[in-house]
Amino acid sequence: MAERIYIVHGPQGTRLVKASLRQQALSHVANSTFSIAVATQDELVAQITAGTKVEQYRAPEQTDLALDGE
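All of these numbers come straight from a predicted model, not from anything done at the bench. (Residues numbered from 1 in each chain as written. Predicted model: local features only at pLDDT ≥ 70, side-chain atom pairs only at ≥ 80, totals over all residues. Heavy atoms only, no water.)

A. Geometry of the overall build of the protein. Within the protein, the secondary structure is distributed over 2 helices and 2 strands. The helix and strand sequence of the protein, counted from the amino end, reads β-β-α-α. The buried share of the protein, reckoned over its 70 residues, is 10%. Working note: accessible area of the protein is about 6,800 Å², and carbon and sulfur atoms make up 56% of it. (Helix = DSSP H or I, 4+ residues; strand = E, 2+ residues; numbered from the N terminus. Buried < 20%, exposed > 50% of the residue type's maximum accessible area, 1.4 Å probe, protein only. Areas by Shrake-Rupley, 256 points an atom, 1.4 Å probe, with all protein chains shown as cover.)

Structure below.
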């Protein structure tokens with residue numbers, strides 16, 4: 001698969017990343033900026049108690065489809 005250079009803008013500045021896919025470039029930047037793990041039960045309780053909302057993943061390209069009657 002051919003590689004291209006993607007420009008990734010973020011709170012820590014702009015980066016140029018050579019990758020085959022847009023998602024790979026974004027993952028590369030995210031992995032050096034954020035940490036991620038499955039939440040423990042204690043972490044869930046603490047965060048929900050503090051008012052943190054649970055967000056549902058949604059792909060950036062995804063759009064809502066209008067249903068009949070809407």
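B. Highlighting the pairing of strand S2 (residues 13-19). Bridging between strand S1 (residues 4-10) and S2 involves 7 bridges; their strand directions are antiparallel. Residue pairing for S2: Ile5 is matched across the bridge by Lys18. Taking the residues between adjacent antiparallel strands as the criterion, S1 and S2 are bridged by 2 residues. (Pairing = 2+ DSSP bridges.)

C. Layout of the nonpolar core. Counting residues in each nonpolar core, the largest one holds 6 residues, listed as Tyr6, Val8, Val17, Ala19, Ala25 and Val29. Of all the secondary structure elements, the ones that give two or more residues to this core are S1, S2 and helix H1 (22-33). (Core = buried A, V, L, I, M, F, W, Y, C linked by side-chain atoms within 4.5 Å.)

D. Region of the structure containing the confidence of the model for the protein. Mean pLDDT over the protein works out to 88, with 86% of the residues at or above the 70 mark. For the protein, per-element mean pLDDT is lowest for H1, which scores 93, and highest for helix H2 (residues 41-49), which scores 97. (pLDDT = per-residue confidence, 0-100.)

E. Structural view of a nonpolar patch on the surface. Together, Ile5, Ile7 and Leu16 make up an exposed nonpolar region whose accessible area comes to about 350 Å². Following the sequence through the fold, Ile7 ends up in strand S1. Relative accessible area serves as the criterion here: at 52%, Ile7 is assigned to the exposed category. (Patch = residues over 30% accessible without salt bridge, like charges linked within 9 Å, V, L, I, M, F, W, Y side chains within 5 Å. Salt bridge = Lys/Arg side-chain N within 4 Å of Asp/Glu carboxyl O.)

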